[in-house]
Amino acid sequence: MATTSPRVTCILKVSDDWFEPIPPRLVRGARGYSQSPPRGSRLCGGVSDQPRHGSPTHLDRLVGAGGCVVSGVVVRRSERGPVWGNGPASSNGALLEVRRLKKYFPVKKGLFSRVIGQVRAVDDVSFAVGRKETLGLVGESGCGKTTVGRTILRLLEPTSGEVFFEGRQMSELPRGEMRRMRRHMQIIFQDPYGSLNPRMTVASIVGEALGVHGIARGAARRELVKELLDKVGLNPNHLGRYPHEFSGGQRQRIGIARALALQPKFIVCDEPVSALDVSIQAQIINLLEALQDEFELSYLFIAHDLAVVEHISDRVAVMYLGEIVELASRVDLYREPLHPYTEALLSAIPVPDPKTKRTRIILPGDVPSPVNPPRGCRFHPRCPKRFEPCDGVPPPLIDVGGGRRVACYLHANADGGVRS
């Protein structure tokens, strides 16, 4: 009796630090048709007849230097240069490193759309995100948090600055390599109602990226989508439903499943719980934490709810008018904020105890326009602790010890040194 040929889910080209799917071809042999690599390819081992749970998207965690065959997936080398994967780490070992990032939007006027100004949405922002770390990014609405996340992923092209992912500069990648790099960088959008195509079923929404990147098609793609829905707590049998048939929390879970489809290493969570009620917020936060532990994810968690950020983040960066004004560990920042703006934000957190009262810091005036920001420290027109140097030269973001960084003349001298 003829035996069944080993199942080949897909074929990947591999070098020391990257993989790329290529289509297999059907070959007629003594035992019928089977899938095999294209002619001329060198195989690096045999084919397992035990498909790995989760399919080829897990290869980046299993295949080491040199190439091999893992769990029913044929792997071979390629002549082309590296495009994504476990590339060289950045100088400080961070997964993601942002250096002096700027994003300006032109203000146009008149019949010929003459540029009369620039909206400085993100202005000279620098930070890093470590492996399996969650960095919280907080601030008032309009301070540039979402623009930072989208510019990192090159959904918006930066005006200037550098973004390094695993040591590779994102702005230098051509379009094809950038698409492959996005397998490791995904985003969960803020609005679960507007981020899902109402004309597509859940199977199409979650499985679209699997087809675009050539990971799985047909029945294999459907099975992968079922596994992803099960991971995020949805019924796998709801593949044929449309977004309007789900609640807000369920739609956000669909968005999370879509972000996980390519098994990324870094996810921008753009206010993923702000449109949900409190009970659903807790479920989504717990889900994100569980997925981070299981898949070793790194998050940039954008939010304006400081209580949620305190719960999920390892470190917190505070933004004001396009700039980071303070960056510290979660414990240090919530226990002893250094920047007056951070103090005002934390004073607004409600205390769940009617007997406990917190002194609220009310900031005067409105947030200035990013088209014409104030001279010197951008917070000084509203700062209750401002003094002479604040309206002169902008304060540098300096390290004050213990990994804390703050941009304030209460803690820094004009020459960039720490105030004693």
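Topic: helix H1 (residues 145–152)
Given 3.6 residues to a turn, an α-helix orients residues that are three or four positions apart in the same direction. Of all eight residues that make up H1, six are buried, and the element is covered over most of its length. Here H1 has its buried residues at Lys145, Thr147, Val148, Gly149, Thr151 and Ile152. In the segment just after H1, Arg154 is the residue with positive phi, at about 60°.

Structural notes on the pattern of salt bridges
Scanning the model with the defined rule gives 16 salt bridges in all. For the salt bridge of Arg382 with Glu140, the shortest nitrogen-to-oxygen distance reads 3.4 Å. Residue Arg382 is located in the loop between helix H9 (340–347) and strand S16 (398–401), and its partner Glu140 is located in the loop between strand S8 (134–138) and H1; the two are separated by 242 residues in the primary sequence. Judged by relative accessible area, Glu140 falls into the partly exposed class, the value being 25%.

Details of the packing of aromatic side chains
Under the definition given, this model contains three aromatic pairs. When the ring of Tyr320 is compared with that of Phe379, the centres are 5.2 Å apart and the planes differ by 85°; the resulting orientation is edge-to-face. With Tyr320 in strand S14 (residues 315–320) and Phe379 in the loop between H9 and S16, this pair connects stretches of sequence that are 59 residues apart. Residue classification places Tyr320 among the buried positions, given a relative accessible area of 2%. An aromatic cluster of at least three residues, connected via ring pairs, comprises Tyr320, Tyr341 and Phe379.

What to know about the pairing of S16
Relative to strand S17 (residues 404–406), S16 runs antiparallel, the two being bridged by three bridges. Across the sheet, the residue bridging to Gly401 is Arg404, located in S17. Adjacent in sequence and paired antiparallel, S16 and S17 are bridged by two residues, among which Gly402 carries a positive phi angle near 70°.

Basis of the calculations
For every chain, the first residue of the written sequence is number 1, and numbering continues from 1 along that sequence. A pLDDT threshold of at least 70 governs which residues receive local features in this predicted model, and a stricter bar of 80 or more applies before side-chain atom pairs are shown or counted, although totals over entire chains, interfaces and linings include all residues. The basis for every side-chain value is the complete set of non-hydrogen atoms in the structure, without hydrogens or water. The classification of residues rests on relative accessible area computed with a 1.4 Å probe and restricted to protein chains. Under 20% of the type maximum is buried, over 50% is exposed, and intermediate values are partly exposed. Every helix listed is a DSSP run of H or I at least four residues long, and every strand listed is a run of E at least two residues long, numbered separately from the N terminus. Salt bridges, as used here, are contacts in which a Lys or Arg side-chain nitrogen is within 4 Å of a carboxyl oxygen on Asp or Glu. Within 6.5 Å between ring centres, the rings of Phe, Tyr and Trp (the latter by its six-membered ring) count as paired, and their orientation is classed by plane angle as stacked under 30 degrees, edge-to-face over 60, tilted in between. For two strands to be treated as a pair, DSSP must find no fewer than two bridges joining them.

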